Amino acid sequence: MSTYNKASLILIPSGTKTSKIYSQKPINGDGDFTFSRSTMATRVNESGLIEKETQNLLLQSNSFDTTWNSDDGLTGGQSGYDGSNDAWLFTLATNPAIVRQANTSGGVQTYSVYAKGNTNNGIRLYAFGSSNCYAFFDLNAGTVESNQNLIDATIEDKGNGWYRCAITFNQTNTQLYMYLSNNQNLNASSGSILIQDAQLEQGLAARDYIETTTSAVYGGITDNVPRLDYTDATCPSLLLEPTRTNLMTHSEFTNVLNNVTLSYVESPEGLNNAMRLTETTSNSQHYATIENALVTSGVKYSISFFIKKGTHDQVRLYTQSSTINFSLRFTFSSETLEIFGTDAETGSENFVDYGNGWYRISANGTANSTGTVDIYATTKSLGSYTGSTSDYTDYYGFQIEEGSYPTSYIPTYGTSVTRNADYVDIPQSSYNINNSFSIHLDFGITKKIEGVSTNIYSLITNEDLNFQLYTNSSGNDGLNVYLKNQGGYVFGSNPNDGWGNTASKICVTYNANTGRLAYFINGSLYNEQTSILSFGTHSTAYITPSANNLMEIKKYLFFESALTDQEAINLTTI
Amino acid sequence: MKKFRKYKFGSKSSATTKINALGIDEDGNPTHNHSIVKLGNIVLENGTYDEDGEEITPPVLSDDYHVDVLWDGDPSEDWDNQIVWCKPLGVHTFGSSSAIAEWTQKCKELHPEYFPVPEELEL
């Protein structure tokens, strides 16, 4: 009989849905974990790409005769870009011809619609609000014509005369409009076009269309969706992180350019939403200012960003020295990262290869004053020199978060954003703890705040038994196992090695016949003790990163029996 | 449904008193499901700096202590006296799109001045 067959509960994270992580055993669903995180988040998916929440913030996104307002002709049932008969004929009845919807979304966002010329060949997308942003599109030539107050405007050929037209802007909206226009940058005085599938979403790129009816729809890694993360791995881990705030109000956008031009290229998301900073030919500094984060004097922050080599092999990024005196220099060819500045924490610098030439760079800095701090992203350095329009560097995903290590990317589009902690609850029906038992946890990378001891795993019965794993309070590494029974500690381990920047596997076994409690880590018996336990009625078990920890769970097994030492060693051998 | 609101208090201690009244256990951990971010004395006006990074004028900080709450359900009416509304950009939010949408809509109802209406439709 294999060790796995003995387990009453096996969780190897591979299948999830909103608020649920499926266990491999039992197969009747009793062992499925419940999951919560009351905010969106990001992960690295099986394609190695960063995956965010998706959304369509419009209502009735393809029912233009409902919720939308128009005095013009809107006739459904037309042949669409996707082979459906869901497109709409938009025909002028009053001049100008408009279909519009009230909207209050704010920040960097992209408004898109599929359109095809008919007796007219133009559409104008207009986002009214604090800036009033628009572009005219020529549906005959497939081109963007004149535009105003936009970050970007794109038109993508979808075949058979259909185009996806999109405008990207940074404002607080009041109304979103579509105008029937001609192809000479004027609203049309007659005629018609075909329209289909409108979408409004946060960010710099139009992603896959999501149909909506009476409310906005959110998908991807939205609230309460567990994250199976594939960072640096072909097998996923369940990613559990503490609450963190990306204090940068804009993580992917800036319009403060200093002798550089800005264009958009493929990011670690696989979308064209990374910044390409290209030098001008002026003899001066060449950088973009990324705004901004509110920081507090004396507090340590983790500063992170994604960077891809352009034409310079060595590139340096700075923070505003009046608030955090800090800079990082990365040499791509040798993958060498150097840290500078009176507020920088030497030794905290780190980088992760995200593939396709992208690196995520991070390091810690402590604010020397309270206030806002900008990031200066350079093409090479802040030195003055004569630039070249063929020299550039790519950036994406700027993040400043309070803490001593970076967590997963938190995108921001005009406000700082808090991602809440992940929490996993293990159903009572999945374990029966009133006799011998064994628990096995296979952890990937884990992080904690130095000097803080916090609980990461609990299995608690009604006041009789309290089994907990704690991070060690001193240093970066170390894990403590505590077992309290009937109010008193009956087992406590010293902190062990292997917990921290490297993966670790642990197993705790209890034999009710002998009272032997044994703790194994990474293939060795670490500690043991004898004590007869009183169990009582089990009540709850949960796994949480609490306020301070980050962890990846690759495997969780519960046994209603005591494994042999050899079985525990086999399970925990790295 | 989660709901997002912003609050300000006269001091950190009065904010802490209000937060603790929502429920904490013997270790000081919350016993409720609301999410709370203490923003503190936020910057009202950025400092100014010369080209060498030397401070010309310091940032102006709020005298009030600011707190954001993502309520697990409807906001507590006990907190209504401390509620603040503001333009929805350049501030802190929680990463819950539905909660942000509800907060923004409520803000527009109460403070339409933060949502300028276009003066004239351009032809």
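Values in this document were obtained by computation on a predicted structure and should not be read as measured data. (Residues numbered from 1 in each chain as written. Chains lettered and ligands numbered in written order. Predicted model: local features only at pLDDT ≥ 70, side-chain atom pairs only at ≥ 80, totals over all residues. Heavy atoms only, no water.)

1. Considerations on the overall build of chain B
Okay, step 1: Regarding its fold elements, chain B presents two helices and nine strands.
Okay, step 2: Sequence-ordered secondary structure for chain B, helices as α and strands as β, is β-α-β-β-β-β-β-β-β-β-α.
Okay, step 3: Structurally, chain B occupies a C-alpha span of about 55 × 45 × 25 Å along its principal axes.
Okay, step 4: In chain B, buried positions account for 39% of the 123 residues.
Okay, step 5: Expressed as a percentage of contacts within chain B between residues at least 6 apart in sequence, the contacts between residues at least 24 apart total 66%.
Okay, step 6: When the accessible surface of chain B is summed, it comes to about 7100 Å², and 46% of that surface belongs to carbon and sulfur atoms. (Helix = DSSP H or I, 4+ residues; strand = E, 2+ residues; numbered from the N terminus. Buried < 20%, exposed > 50% of the residue type's maximum accessible area, 1.4 Å probe, protein only. Contact = heavy atoms within 4.5 Å. Areas by Shrake-Rupley, 256 points an atom, 1.4 Å probe, with all protein chains shown as cover.)

2. Quick look at the domain arrangement of chain A
Residues and elements named next belong to chain A.
Okay, step 1: In terms of domains, chain A is made up of domain 1 (3-44 + 422-572), domain 2 (73-218) and domain 3 (247-418).
Okay, step 2: In this structure, domain 1 and domain 3 have C-alpha centres spaced 38 Å apart.
Okay, step 3: Of the residues lining the interface, ten residues belong to domain 1; the matching set on domain 3 comes to eleven residues.
Okay, step 4: Of the roughly 730 Å² buried between domain 1 and domain 3, counting both surfaces, carbon and sulfur atoms make up 58%.
Okay, step 5: Inspection of the domain 1/domain 3 interface yields one residue pair in polar contact (both at pLDDT 80 or more).
Okay, step 6: Here the side of domain 1 that touches domain 3 is composed, by residue class, of three nonpolar, four polar and three charged. (Domains from an automatic or database assignment. Buried area = accessible area lost by both parts, 1.4 Å probe. Polar contact = N/O pair within 3.5 Å; in protein donor to acceptor, adjacent residues only side chain to side chain. Nonpolar A, V, L, I, M, F, W, Y, C, P; charged D, E, K, R; others polar.)

3. Quick look at helix α2 (residues 565-572) of chain A
All names here are of chain A.
Okay, step 1: Within the sequence span of α2, burial applies to Glu-567, Ala-568, Leu-571 and Thr-572. Taken around the axis of α2, the buried residues stretch over an arc of 120°, which confines them to a single face.
Okay, step 2: Of the surrounding secondary structure, the elements contacted by the buried residues of α2 are α1 (3-6), β38 (437-447), β43 (504-511), β44 (516-521), β45 (524-530) and β47 (550-559). (Arc of directions from axis to C-beta.)

4. Quick look at the environment of A:Lys20
All names here are of chain A.
Okay, step 1: Mapping Lys-20 onto the fold places it in strand β3 (residues 20-21).
Okay, step 2: Sequence separation of Lys-20 and Ile-193 is 173 residues, and the distance between their C-alpha atoms is 45 Å.
Okay, step 3: Beyond its immediate sequence surroundings of up to four residues, Lys-20 is in contact with Asp-32, Phe-33, Thr-34, Phe-35 and Pro-226.

5. Focus: the sheet that holds strand β35 (residues 392-402) of chain A
All names here are of chain A.
Okay, step 1: Taken in spatial order, the six strands of this open sheet run β23-β24-β35-β27-β32-β31, and their pairing is antiparallel. Both outer strands of the open sheet, β23 (260-266) and β31 (350-355), are each paired with one neighbouring strand and no more. Taken over all neighbouring pairs, the strand axes of this sheet differ in orientation by 30° on average, direction set aside.
Okay, step 2: Where β31 meets strand β32 (residues 358-366), five bridges bridge the pair, whose relative direction is antiparallel. (Pairing = 2+ DSSP bridges. Axes fitted to C-alpha atoms, helices over the stretch in contact; angles between N-to-C directions.)

6. Some words on the interface of chain B and chain A
Okay, step 1: Counting residues at the interface gives 34 residues for chain B and 44 residues for chain A.
Okay, step 2: Across the interface of chain B and chain A, roughly 2800 Å² is buried in total on both sides, 56% from carbon and sulfur atoms.
Okay, step 3: The tally of links between chain B and chain A comes to zero salt bridges.
Okay, step 4: Counting across the interface, chain B meets chain A through eleven residue pairs in polar contact (both at pLDDT 80 or more).
Okay, step 5: Counting only elements with at least two residues in the side of chain B that touches chain A, the list comes to β2 (35-40), β9 (92-94) and α2 (97-110) of chain B.
Okay, step 6: Grouping the constituent residues of the side of chain B that touches chain A by class yields 18 nonpolar, twelve polar and four charged.
Okay, step 7: When strand β36 (residues 416-419) of chain A meets β9(B), the two strands line up parallel, connected through three bridges. Along β9(B), the bridge assignment pairs A:Val417 with B:Thr93. (Salt bridge = Lys/Arg side-chain N within 4 Å of Asp/Glu carboxyl O.)

7. Observations regarding α2(B)
Okay, step 1: Over its 14 residues, α2(B) extends 20 Å from the first C-alpha to the last, a length consistent with the 20 Å expected when each residue adds 1.5 Å.
Okay, step 2: Looking at α2(B), one finds that the buried residues are B:Ser97, B:Ala99, B:Glu102, B:Trp103, B:Thr104 and B:Cys107.
Okay, step 3: Its buried side turned inward, α2(B) meets β7 (53-56) and β18 (217-220) of chain A together with β1 (2-9), β7 (65-72) and β9 of chain B. (Expected span 1.5 Å × (residues − 1).)

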